[in-house]
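Below, each chain spelled out in residue letters.
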Amino acid sequence: MSNPAFDTDKTLGTVEGKVRDIVEKMGEDVEYRFYNWAKLNVEMDTITKPTIVYVLPPSGDFYVDLYAQEIRDYPEAQIAFLCSTEFDFESEENDALIEQMKRLCYKFIKAVNESGYFSQLDGKLPYQVLYDHLDENVTGVVITPVLEEEVGVSICDEGYKNPEE
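Residues numbered from 1 in each chain as written. Predicted model: local features only at pLDDT ≥ 70, side-chain atom pairs only at ≥ 80, totals over all residues. Heavy atoms only, no water.

**Quick look at the overall build of the protein**
Working step 1: Assigned secondary structure in the protein consists of 3 helices and 8 strands.
Working step 2: Reading the helices (α) and strands (β) of the protein from amino to carboxyl end gives α-β-α-β-β-β-β-α-β-β-β.
Working step 3: Put simply, the protein has 165 residues, and 42% of those count as buried.
Working step 4: Here the contacts in the protein between residues at least 6 apart in sequence split such that 60% fall between residues at least 24 apart.
Working step 5: Accessible surface for the protein amounts to roughly 9900 Å². Of this, 49% is attributable to carbon and sulfur atoms. (Helix = DSSP H or I, 4+ residues; strand = E, 2+ residues; numbered from the N terminus. Buried < 20%, exposed > 50% of the residue type's maximum accessible area, 1.4 Å probe, protein only. Contact = heavy atoms within 4.5 Å. Areas by Shrake-Rupley, 256 points an atom, 1.4 Å probe, with all protein chains shown as cover.)

Laid out in structure tokens, this is it:
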């Protein structure tokens with residue numbers, strides 16, 4: 001099976017593919033989804049376990065490096081760590097769920113930093129607590145990192161090659 005983080009004959013390697021690969025390699029009992037907020041709102045009722053959602057980025061930057069002859073993508077990402085909750089939750093119960101999702105977020109940050117796909121996430125990283133935001137009763141946290149690709153698309157070639165090849 002080809003790695004979705006890199007170009008193949010049929011697909012283009014993307015930041016989303018790299019995030020998906022990171023989550024799949026975490027070995028956690030979690031689901032992974034890639035949606036915009038509207039689609040996520042519809043699909044949340046099908047999720048049965050903690051879920052990492054890479055939300056379709058609304059914007060970002062390209063870094064054009066003429067010296068290295070490559071262009072790297074720097075999307076302003078939103079990544080949510082969500083689990084189901086009761087509508088009339090007790091504060092203590094919901095706080096425990098939020099802390100569980102924070103711990104999942106910590107593991108994800110560690111996995112991102114170990115992946116080699118992106119510049120290290122370091123320093124202050126804002127998060128928002130999410131509850132009563134979607135139609136389905138979920139709680140969790142959302143982080144908004146800028147994921148800076150370590151290796152970009154070559155300006156000279158049209159392809160983006162897997163450095164492991």
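**Considerations on helix 3 (residues 91-115)**
Working step 1: Helix length check: helix 3, at 25 residues, gives a terminal C-alpha distance of 36 Å against a target of 36 Å (1.5 Å per residue), a fit within 8%.
Working step 2: Every buried residue belonging to helix 3 is among Asn94, Leu97, Ile98, Met101, Lys102, Leu104, Cys105, Phe108, Ile109, Ala111, Val112 and Asn113, and all of these are buried.
Working step 3: Downstream of helix 3 by one or two residues, Gly116 has phi in the positive range, about 80 degrees. (Expected span 1.5 Å × (residues − 1).)

**Here we look at the packing of aromatic side chains**
Where two aromatic rings form a pair, the distance of their centres and the angle of their planes describe that pair.
Working step 1: Counted by the stated rule, this structure contains 4 aromatic pairs.
Working step 2: An angle of 25 degrees between the planes, with centres 5.5 Å apart, marks the rings of Phe34 and Tyr54 as stacked. In this pair, Phe34 is assigned in strand 1 (residues 31-35) and Tyr54 in strand 2 (residues 51-55), connecting sequence segments 20 residues apart.
Working step 3: Looking at Phe34, the relative accessible area reads 35%, which means it is partly exposed.
Working step 4: On the accessibility criterion, Tyr54 (2% relative accessible area) is buried. (Phe/Tyr/Trp six-rings, centres within 6.5 Å; stacked < 30°, edge-to-face > 60°.)

**Topic: the nonpolar core**
Working step 1: If you look at the biggest cluster of nonpolar residues, it comprises 28 residues, and the most contacted ones within it are Ile52, Ile79, Phe81, Phe108 and Leu147.
Working step 2: Breaking this core down by element, the ones donating at least two residues are helix 1 (15-25), strand 2, strand 5 (78-84), helix 3 and strand 7 (138-143).
Working step 3: Here the element with the most residues in this core is helix 3; it accounts for 9 residues.
Working step 4: In this structure Phe108 touches Val19, Ile22, Val23, Met26, Ile52, Ile79 and Phe81, once residues within four positions along its chain are discounted.
Working step 5: Within the second largest apolar cluster, 11 residues are counted, among which are Met44, Ile47, Val138 and Val142. (Core = buried A, V, L, I, M, F, W, Y, C linked by side-chain atoms within 4.5 Å.)

**A word on the side chain of Arg33**
Working step 1: For Arg33, the position within the fold is in strand 1.
Working step 2: Overall, the relative accessible area of 16% leaves Arg33 in the buried class.
Working step 3: Among the polar contacts listed, one links the side chain of Arg33 to the side chain of Glu31, at a separation of 2.5 Å.
Working step 4: Ignoring sequence-local partners within four residues, the contact set of Arg33 consists of Glu43, Thr46, Ile47, Thr51, Ile52, Val53 and Tyr54. (Polar contact = N/O pair within 3.5 Å; in protein donor to acceptor, adjacent residues only side chain to side chain.)

**Here we look at the pairing of strand 4 (residues 70-75)**
Working step 1: Where strand 3 (residues 60-65) and strand 4 come together, 6 bridges link them in antiparallel fashion. Bridging from a neighbouring strand, Asp65 pairs with Glu70 of strand 4.
Working step 2: A loop of 4 residues connects strand 3 with strand 4, the two strands running antiparallel in sequence, and Gln69 in this loop sits at a positive phi of about 60 degrees.
Working step 3: The pairing of strand 4 with strand 8 (residues 153-154) spans 2 bridges and is antiparallel. Residue pairing in the sheet places Glu70 in a bridge with Ser154 of strand 8. (Pairing = 2+ DSSP bridges.)

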